[in-house]
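Listed below are the residues making up each chain.
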Amino acid sequence: MLLRRVLTIFALAAIAATATTTPVMAAPAGGVEAMATSTCNRWISYNGADVPAYGSNVNCSLRRGNANSAVFQLQVTMNVCYEWVLRGQGVYPLTADSSFGPATEKALRAVQSAVATPSDGVYGPNTRKAIYHQGSNGSSCKQVP
């Protein structure tokens, strides 16, 4: 009986020690989609459209605070392909300054809402698939997978 109690106490102590030393990580702002992708740092021609990318990977994300050529391309794309949406929000023409600030976030949320994707203000793989992008070599706007 005493041995059983001692073993139970050791087992409970081991469980408690594991529970208190195992780190718990919260999802970053922007949700799980943002957690699973790298930050876009450039743009590339992808399936006939100019899209933000991380190296050659288009499964990347952009959010407020980013500043690079990928943000510039997103801003240009929204100006070219979603002028009517941006006008409705009072942010047209969106300044293509490579800086993802409040106006870019507002514009992106409006575009996301217009294409019926969650309007979280974060550009990621789901938004990439939902919106039209500026076509490469001056062609019309198109969606990409």
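Nothing here was measured: the structure is a model prediction, and the numbers come from that model.

## What to know about the confidence of the model for the protein
Mean pLDDT over the protein works out to 82, with 75% of the residues at or above the 70 mark. Contacts from residues 1-35, a stretch scored under 50 in pLDDT, to residues over four places away or in other chains number 14 contacts.

## What to know about the state of the cysteines
In this structure the tally under the stated criterion is 2 disulfides. One disulfide bridge connects C40 with C60, the sulfur atoms lying 2.1 Å from each other. Of note, the bridge from C40 to C60 carries an S-S torsion of about 100° and is right-handed in sense. With C40 in the loop between β1 (38-39) and β2 (42-46) and C60 in strand β4 (residues 60-61), this pair connects stretches of sequence that are 20 residues apart. What pairs with C81 in a disulfide is C141, and their sulfur atoms sit 2.0 Å apart. Between C81 and C141, the disulfide has an S-S torsion of -95° and is therefore left-handed. Placement of the pair is C81 in helix α3 (residues 69-81) and C141 in the loop between β5 (132-133) and β6 (142-143), with a sequence separation of 60 residues. Counting only the cysteines that take part in disulfides, in the order they occur along the protein, gives the pairing 1-2, 3-4.

Reading guide: rules and limits
Going along each chain's sequence as written, the residues are numbered from 1 onward. In view of the model being predicted, local features appear only for residues whose pLDDT reaches at least 70, and side-chain atom pairs are presented and counted only at 80 or more, with totals across whole chains, interfaces and linings using the full set of residues. Working from all heavy atoms in the structure, the side-chain values ignore hydrogens and water. Residue-level confidence of the predictor is what pLDDT reports, using numbers from 0 through 100. We call two residues in contact when some of their heavy atoms are within 4.5 Å. Any two cysteine sulfur atoms within 2.5 Å of one another count as a disulfide. Only DSSP runs of H or I covering at least 4 residues are called helices, and only runs of E covering at least 2 are called strands; the numbering of each starts at the N terminus.

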